[in-house]
Amino acid sequence: MFQALAPGAGERPSATDQEEPLDLVFLEGFRGHTVIGIYAGELDEPQPVEIDLCAGRPRVRACETDRIADTMDYGEIRERLHRLLREHGVQLLEALAEQVARIVIDEFHAHWVRVRVAKPRKFEDTAAVGVVIERRRSLPSLAASRAATLRLIGHGLVPGGR
């Protein structure tokens, strides 16, 4: 099983000088059923899938406020995964993992996510088959940042000026 906090499995890569450290929320061992695959026998009946995810946001406010609204609610993430398994419409585990990552980044505002999607006991001689992907929130491009600065200058506002 995916060890969300084990070294190399769920740890976020070390922060660079320009990145804030992340607080991590994880779901490990989520199980559901869905129709997914490319072979005829996989397209008729739902089959089991396992999803593990580890997601990070810089300095979650819930550490100080003790309010669920100030963090990623893993109960809501769990419900969203159940809905995804009913609605996804993809054939490959890679595409399903990508949808999970997009949901966690776009809907739950994670800055980084690692997702593992597996089919347990797909073959009699394997415990599981699957994929692990890692995604980061896109940062605004340097060009967009420069364009914003030029707009400020055009309006008579100079960043850092008086």
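Anything mentioned here points back to the structure above.
Residues numbered from 1 in each chain as written. Predicted model: local features only at pLDDT ≥ 70, side-chain atom pairs only at ≥ 80, totals over all residues. Heavy atoms only, no water.

**Some details on the overall build of the protein chain**
Okay, so step 1: Helix and strand counts for the protein chain come out as 4 helices and 4 strands.
Okay, so step 2: Counting from the amino terminus, the protein chain carries its helices and strands in the arrangement β-β-α-α-α-β-β-α.
Okay, so step 3: Taking all 162 residues of the protein chain together, the buried fraction comes to 35%.
Okay, so step 4: Counting contacts in the protein chain only where the partners sit at least 6 residues apart, residues at least 24 apart contribute 60% of the total. (Helix = DSSP H or I, 4+ residues; strand = E, 2+ residues; numbered from the N terminus. Buried < 20%, exposed > 50% of the residue type's maximum accessible area, 1.4 Å probe, protein only. Contact = heavy atoms within 4.5 Å.)

**What about the packing of helix α2 (residues 74-87) against helix α3 (residues 93-106)?**
Okay, so step 1: Orientation of α2 relative to α3, taken along the N-to-C sense of each, is 145 degrees, at an axis distance of 11 Å. For the pair α2 and α3, the crossing hand works out as right-handed. Taking contact as the criterion, the partners of Arg80, Leu81, Leu84 and Leu85 in α2 are, on α3, Leu96, Gln99, Val100 and Ile103.
Okay, so step 2: Its residues assigned to classes, the contact of α2 with α3 shows 6 nonpolar, 1 polar and 1 charged. (Axes fitted to C-alpha atoms, helices over the stretch in contact; angles between N-to-C directions. Left-handed = near helix turned anticlockwise from the far one by under 90°. Nonpolar A, V, L, I, M, F, W, Y, C, P; charged D, E, K, R; others polar.)

**Details of the nonpolar core**
Okay, so step 1: Of all hydrophobic cores here, the largest spans 29 residues; its most connected members are Ile51, Leu53, Leu81, Val100 and Val115.
Okay, so step 2: Secondary structure elements with two or more residues in this core: β1 (22-34), β2 (47-58), α2, α3, β3 (112-120) and β4 (128-136).
Okay, so step 3: With 8 residues, the single largest contributor to this core is α3. (Core = buried A, V, L, I, M, F, W, Y, C linked by side-chain atoms within 4.5 Å.)

**Looking at the pattern of salt bridges**
Okay, so step 1: The tally for this structure, following the rule as stated, stands at 15 salt bridges.
Okay, so step 2: Across the salt bridge formed by Glu87 and Arg83, the nearest N and O atoms sit 3.5 Å from each other. In this pair, Glu87 and Arg83 both sit in helix α2, 4 residues apart, roughly one turn of the helix.
Okay, so step 3: Measuring nitrogen to oxygen at the nearest pair gives 3.5 Å for the salt bridge that ties Arg136 to Glu134.
Okay, so step 4: Here Glu134 falls in the partly exposed class, since its relative accessible area comes to 26%.
Okay, so step 5: The network of salt bridges with shared partners includes Arg31, Glu50, Asp52 and Arg116. (Salt bridge = Lys/Arg side-chain N within 4 Å of Asp/Glu carboxyl O.)

**Some points on the pairing of β2**
Okay, so step 1: Taken across its 12 residues, β2 has 10 buried, putting it largely inside the fold.
Okay, so step 2: Sheet topology places β1 next to β2; 11 bridges connect them, and they run antiparallel. When the bridges of β2 are listed, Leu24 appears paired with Gly56.
Okay, so step 3: Pairing analysis gives 7 bridges linking β2 to β3, with the strands arranged antiparallel. (Pairing = 2+ DSSP bridges.)

**Examining the layout of surface pockets**
Okay, so step 1: For the second largest pocket, the calculated volume is near 170 Å³.
Okay, so step 2: Along the walls of the second largest pocket sit 13 residues, with Glu42, Gln91, Leu92, Leu93 and Lys119 positioned nearest its centre.
Okay, so step 3: Among the elements that line the lining of the second largest pocket, the one with the most residues is β4, at 3 residues.
Okay, so step 4: Tallied by class, residues from the lining of the second largest pocket come to 6 nonpolar, 3 polar and 4 charged. (1 Å grid on protein atoms, 1.4 Å probe; cavity = no way out; pocket = protein on both sides within 12 Å on 5 of 7 lines; lining within 4 Å. Points joined across faces, edges and corners; volume = space filled by probe spheres on them.)

**Let's talk about α3**
Okay, so step 1: Compared with an ideal rise of 1.5 Å per residue, which puts 14 residues at 20 Å, α3 spans 20 Å between its outermost C-alpha atoms and is within 8% of the ideal.
Okay, so step 2: Every buried residue belonging to α3 is among Leu93, Leu96, Ala97, Val100, Ala101, Ile103, Val104 and Ile105, and all of these are buried.
Okay, so step 3: In this structure, the buried side of α3 is in contact with β2, α2, β3 and β4. (Expected span 1.5 Å × (residues − 1).)

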